[in-house]
Amino acid sequence: MNYYNEIDQYAAQWLGNLANASIIPSGHIDTRSIIHVETPRPEFRQAHFFAGIGGWALALKMAGWPEGVPVWTGSCPCQPFSIAGKKKGEQDERHLWPTFRDLIGQRRPAVIFGEQVASPDGREWLSRVRADLEKLGYRVGAADLCAAGVGAPHIRQRLYWVADAGAPGRGALLRSIEANRIEE
């Protein structure tokens, strides 16, 4: 079962509609602010924070990610670091990485995916995220991708990152997929 955390009621309703239509995996939708979330229970195989309308859940499904393989996703709000935002950075109340980081530290999921705006402030944000995750024992990789590169009608840049808790030479991502592979 999946866990979806989304504070916006309209988006949360869409999550339910998409799950009911089997477009994204079904799951529990938690509409509290991430600030009030306790660590999701282990029975939730996928946990999607800042879930929006299920972009990460759909992307994982389209990529063939097995539903039983544990993964967390989180696209922290970009307004604190966006050129279009107020540029308050870490002083913005929407800077929720510290809360997400603390949840990660409590549960230590094997694999985490996220994204952020690719502004100069966003890249600085990612540098801090990488340092925090490395302190927790993760290896982190990232890519700066253009939205137009995946068919969007604009050139907006985004930073996509993955954190893997695996041992050097053999990542948790591969171990999780291999351990949960269904024999055909």
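Conventions adopted
Residues numbered from 1 in each chain as written. Predicted model: local features only at pLDDT ≥ 70, side-chain atom pairs only at ≥ 80, totals over all residues. Heavy atoms only, no water. Pairing = 2+ DSSP bridges. Helix = DSSP H or I, 4+ residues; strand = E, 2+ residues; numbered from the N terminus. Axes fitted to C-alpha atoms, helices over the stretch in contact; angles between N-to-C directions. Contact = heavy atoms within 4.5 Å. 1 Å grid on protein atoms, 1.4 Å probe; cavity = no way out; pocket = protein on both sides within 12 Å on 5 of 7 lines; lining within 4 Å. Points joined across faces, edges and corners; volume = space filled by probe spheres on them. Nonpolar A, V, L, I, M, F, W, Y, C, P; charged D, E, K, R; others polar. Salt bridge = Lys/Arg side-chain N within 4 Å of Asp/Glu carboxyl O. Buried < 20%, exposed > 50% of the residue type's maximum accessible area, 1.4 Å probe, protein only.

Draft legend 1. Layout of the sheet that holds strand S6 (residues 139–146). The strand order across the open sheet built from seven strands is S2-S1-S3-S4-S5-S7-S6, with neighbouring strands paired in mixed fashion. A single partner strand is all that each edge strand has here, and the edge strands are strand S2 (27–30) and S6. Pairwise comparison of adjacent strand axes, ignoring direction, gives a mean angle of 15° for this sheet. Two elements, strand S1 (residues 2–5) and strand S3 (residues 46–49), share four bridges in a ladder whose sense is parallel. For Asn2, the partnering residue across the bridge sits in S3 and is Gln46. Each of strand S5 (111–117), S6 and strand S7 (157–164) touches helix H4 (residues 120–135); the most contacted strand, S7, lies at about 5° to it.

Draft legend 2. Spatial organisation of the layout of surface pockets. Of the pockets and cavities examined, the largest pocket occupies roughly 710 Å³. Lining of the largest pocket is provided by 23 residues; of these, Trp56, Ser75, Glu115, Arg158 and Tyr160 occupy positions nearest its centre. Where the lining of the largest pocket is concerned, the elements lending two or more residues are helix H2 (55–62), S6 and S7. Split into classes, the residues belonging to the lining of the largest pocket amount to 14 nonpolar, five polar and four charged. Taken as a whole, the second largest pocket spans an internal volume of roughly 160 Å³. Tallied by class, residues from the lining of the second largest pocket come to five nonpolar, three polar and two charged.

Draft legend 3. Layout of the pattern of salt bridges. If you walk through the whole model with that rule in mind, you get nine salt bridges. Of the charged contacts in the structure, one is a salt bridge between Glu38 and Arg32, with a shortest N-O distance of 3.3 Å. Owing to a relative accessible area of 53%, Glu38 belongs among the exposed residues under this scheme. Classification of Arg32 by relative accessible area gives partly exposed; the value is 34%. Ionic pairing is found between Glu124 and Arg128, a salt bridge with its closest N-O pair at 3.1 Å. Taken as a pair, Glu124 and Arg128 lie in helix H4 at a separation of four residues, close to a single helical turn. Here Glu124 falls in the partly exposed class, since its relative accessible area comes to 46%. Accessibility expressed as a relative area gives 28% for Arg128, which makes it partly exposed.

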